[in-house]
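Here is how the chains run, residue by residue.
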Amino acid sequence: MKWRSVLWTLVLGALVFMGFAKMVGLGEERKVQGTPHSVATAAESLTPAVKTPTPTPSNPQELKVANREQPAVITKHLSEVVGRVEGRLAAVVKRLEDLEARRPLDYHHGAVAELRPLLSMEQTEQERALDVEEALEILDEWTLSSRVRGSMLALVGGWGQQAEVLARCFSQKEGQGEGQGEAWRSAMIGLMCTDSSAGEPSALTLELSEFLDKVPRTDVALLPFDLGRVPDETLHALLFDTGSRLASDLDGWHSRNLAILALGTSVDQRPATLDLMTRLLFDNSPWGEQVRLPVCFVLTQARSDEAREVVLAFLEDTQTGEGGKSWVRWWLGERPVLPHELQVLAAPLQEASASEREKFAAVGSLLRRGAMTTPQEAALIETWLVDALDQESDDFLRSALIMTLAESAGGAERFRALEQVLRTAPKAGHRRWAAKGLGKVHERFSSQARAALLAVEPGEKDPQVLAALQEALMSLP
């Protein structure tokens, strides 16, 4: 059945492509403005109920001197490494600089390809110590752009040197330690990524590429590592502070997005994190709306029933508006957890007042459920899709419904709907997908499907539809 898996992927890709123009608005990019007094007051009132530890030392500037005199794993003097500055890591830096010059829009993906082998490479303690020293000398002595500097900080953080990374994050080169800037964000990713040897592994892994690929209009350029570490108390407090602070400029907003995503690895383990996410999710002020999408992403990836109940309550809450809900439905499509959530995801298909993008996201979530549904759930999905197709006049949504029906399991209702589309649809694309769907009916409908396909073949003029008809006829038993 490998071909079926491939086709399933192509169908989902086609739906994403078709819906991109409509769904991209779900990013709801907002201009970040200064903080009015009323918003600041609201933010203060929403301070999380669970008190989180403060960094030690509490002043991040003091981290500048932490562990600098006697680093735990560095056993060689820097003077012994000076001659190696034109060695392996220097060559990596030069490749990163070249990458930034040649492919600035794709820099972060290329940087990950350079850094990941260094993070996963097996080394002796002495070899790693020498590499760390070389990296620190480059960070301290070389003039690097924020992107390249951030990549090197991510590398050192991934090697477990949290104190050294934090010390340089809050140095003069990175401003005054306000949790802002390209290099700061990369450093946090290095410390939190699954490839890192720093911190405790998390049971929850957040794929930054999934967030970035689906929400391009946020324009948050991040190293697309997977986040899979639980931050220790110091790092948790720094991220919590940045994630809780209303951003007053675009750079601060980007850093706040990253802080929310990084905190998300602990959402199933730390009540303080879930409390913060919940308060932000239901907050309609600029304080909450700034980071609604990363909050939605974190909660849809969470494993705990408590987190899932929060996000389902958000979908059903009319006071929070539509912002973010379509993406929630899309992201939840592959992650069934609670018995009643399927009805919540499909609700827009049964609501006359639902917007096109809400309906599209509902269709996408049902498609993504695929083979994970029980027979009872499959029957419900079939009924919802057929009823929606019978009532829908928008060509875009009809396309999504027909494609989903064509790739979904079903019985008599599905057969009747696809057969009618094949006979009457004016659009060739709709007829083509109906033909594909009729080629994959239950065995008890195979003779009827063959008759339906043969009946329309003589009058069909579109070559792609004719090809789909032939393919469907050949696939029937």
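So, how was this worked out
Residues numbered from 1 in each chain as written. Predicted model: local features only at pLDDT ≥ 70, side-chain atom pairs only at ≥ 80, totals over all residues. Heavy atoms only, no water. Helix = DSSP H or I, 4+ residues; strand = E, 2+ residues; numbered from the N terminus. Buried < 20%, exposed > 50% of the residue type's maximum accessible area, 1.4 Å probe, protein only. Contact = heavy atoms within 4.5 Å. Areas by Shrake-Rupley, 256 points an atom, 1.4 Å probe, with all protein chains shown as cover. Polar contact = N/O pair within 3.5 Å; in protein donor to acceptor, adjacent residues only side chain to side chain. Axes fitted to C-alpha atoms, helices over the stretch in contact; angles between N-to-C directions. Parallel < 35°, antiparallel > 145°, perpendicular 65-115°, else oblique. Nonpolar A, V, L, I, M, F, W, Y, C, P; charged D, E, K, R; others polar. Phe/Tyr/Trp six-rings, centres within 6.5 Å; stacked < 30°, edge-to-face > 60°. Pairing = 2+ DSSP bridges. Left-handed = near helix turned anticlockwise from the far one by under 90°. pLDDT = per-residue confidence, 0-100. Expected span 1.5 Å × (residues − 1). Core = buried A, V, L, I, M, F, W, Y, C linked by side-chain atoms within 4.5 Å. Salt bridge = Lys/Arg side-chain N within 4 Å of Asp/Glu carboxyl O.

Colleague: Would you mind going over the overall build of the protein in detail, with residue names and values included?
Modeller: On a plain count of helices and strands, the protein comes out with 24 helices and two strands. Looking at the 477 residues of the protein, the share that counts as buried comes to 55%. Contacts in the protein between residues at least 24 apart in sequence constitute 74% of all its contacts with a sequence separation of at least 6. Summed over all atoms, the accessible surface of the protein reaches about 20800 Å², with 52% contributed by carbon and sulfur.

Colleague: Which residues make up the side chain of S255, and what values go with them?
Modeller: Within the secondary structure layout, S255 lies in helix 11 (residues 250-263). Looking at S255, the relative accessible area reads 0%, which means it is buried. Here G181 takes part through its backbone nitrogen, which lies 3.4 Å from a polar atom of the side chain of S255.

Colleague: I'd love a proper account of the packing of helix 8 (residues 182-192) against helix 11, names of residues and values included.
Modeller: Two elements in contact, helix 8 and helix 11, have axes separated by 10 Å at closest approach and are oriented at 10 degrees. The orientation of helix 8 with respect to helix 11, classified from their angle, is roughly parallel. Contacts from W184, R185, M188, I189 and M192 of helix 8 reach helix 11 at D251, H254, S255, L258 and A262. A per-class count over the contact of helix 8 with helix 11 returns six nonpolar, two polar and two charged.

Colleague: Describe in detail the environment of A313, supporting the description with residues and values.
Modeller: With respect to the helices and strands, A313 occurs in helix 15 (residues 305-316). Along the backbone, A313 and F282 are 31 residues apart, and their C-alpha atoms lie at a distance of 9.6 Å.

Colleague: Let's hear about the packing of aromatic side chains: which residues, and what values?
Modeller: Two measures describe an aromatic ring pair: the distance that separates the ring centres and the angle between the ring planes. As enumerated under the stated definition, the model contains eight aromatic pairs in all. Pairing W330 with F360 gives two aromatic rings, centres 6.0 Å apart and planes at 10 degrees, and the pair type is stacked. Of the two residues, W330 sits in helix 16 (residues 325-332) while F360 sits in helix 18 (residues 356-369), which places them 30 residues apart along the sequence. F360 sits in the buried class, given a relative accessible area of 3%. Among the aromatic side chains, those forming a connected cluster through ring pairs are F211, F297, W327 and W331.

Colleague: Tell me about the pairing of strand 2 (residues 226-230), residues and numbers included.
Modeller: Summarising burial for strand 2: four of the five residues are buried, a large majority. Summarising the sheet, strand 1 (residues 200-207) and strand 2 pair through four bridges and their orientation is antiparallel. Bridging across to strand 2, P201 finds its partner in R229.

Colleague: Requested: an account of the packing of helix 6 (residues 146-158) against helix 7 (residues 162-169), with residues and values cited.
Modeller: In the contact formed by helix 6 and helix 7, the axes pass within 8 Å of each other and the chain directions differ by 155 degrees. If you check the angle between helix 6 and helix 7, you find them roughly antiparallel. Crossing angle aside, the handedness with which helix 6 passes helix 7 is left-handed. Residues R149, L153, V156 and G157 of helix 6 lie in contact with helix 7, whose contacting residues are V165, R168 and C169. Taken together, the residues of the contact of helix 6 with helix 7 sort by class into four nonpolar, one polar and two charged.

Colleague: How would you explain the confidence of the model for the protein if you had to name every residue and give the values?
Modeller: On average, residues of the protein score 80 in pLDDT, and 78% of them are at 70 or above. Confidence drops under a pLDDT of 50 for residues 1-11, and excluding neighbours within four residues, the segment shows 12 contacts in the predicted structure. Long-range and interchain partners of residues 16-85, a stretch whose pLDDT sits below 50, account for 121 contacts in this model, where long-range means more than four residues apart.

Colleague: Break down helix 19 (residues 375-391) for me, with residues and values.
Modeller: In a regular helix each residue adds 1.5 Å, so 17 residues correspond to 24 Å; helix 19 covers 25 Å between its end C-alpha atoms and thus fits that length. Taken as a whole, helix 19 has its buried residues at A378, I381, E382, W384, L385, V386, A388 and L389. Those residues of helix 19 hidden inside the fold are in contact with helix 17 (341-346), helix 18, helix 20 (395-406) and helix 21 (412-424).

Colleague: Tell me about the nonpolar core, residues and numbers included.
Modeller: In globular proteins that are soluble, nonpolar side chains generally tend to be buried together. The biggest cluster of nonpolar side chains holds 131 residues, and the ones touching the most others in it are M188, L239, L299 and L453. With eight residues, helix 20 is the largest single contributor of residues to this core. Residues within four places of M188 in sequence aside, it is in contact with L166, C169, L235, L239 and L258.

Colleague: An account of the environment of W287 is requested, with residue identities and associated values reported.
Modeller: Among the secondary structure elements, W287 is positioned in helix 13 (residues 286-289). A relative accessible area of 2% means that W287 is categorised as buried. Taking C-alpha positions, W287 is 10.0 Å from G243, a pair spaced 44 residues apart along the chain.

Colleague: Please set out helix 8 residue by residue, giving values where relevant.
Modeller: Among the 11 residues in helix 8, 11 count as buried, and that is most of the element. When helix 8 is considered as a whole, its buried residues turn out to be E182, A183, W184, R185, S186, A187, M188, I189, G190, L191 and M192.

Colleague: Go over the side chain of S186 with me, naming the residues and quoting the values.
Modeller: Mapped onto the fold, S186 is located in helix 8. Residue S186 is classed as buried on the basis of its relative accessible area of 3%. Non-local contacts of S186, meaning those with residues more than four positions away in its chain, are made with G150, S151, A154 and L223.

Colleague: Give a detailed account of the pattern of salt bridges, specifying residues and quantitative values.
Modeller: Counting across every chain of the model gives 17 salt bridges. Among the salt bridges present, the one from R102 reaches D98, with a minimum N-O distance of 2.6 Å. With R102 and D98 both in helix 3 (residues 88-102), this residue pair falls four residues apart, about one helical turn. By relative accessible area, which is 53% here, R102 ends up exposed. Taking the shortest distance from any N to any O, the salt bridge between D275 and R279 comes out at 2.9 Å. Of this pair, D275 and R279 both sit in helix 12 (residues 271-281), four residues apart, which is roughly one turn of the helix. Owing to a relative accessible area of 19%, D275 belongs among the buried residues under this scheme. Residue class for R279 comes out partly exposed when judged on its relative accessible area of 23%. Connected via shared salt-bridge partners are D140, E164 and R168.

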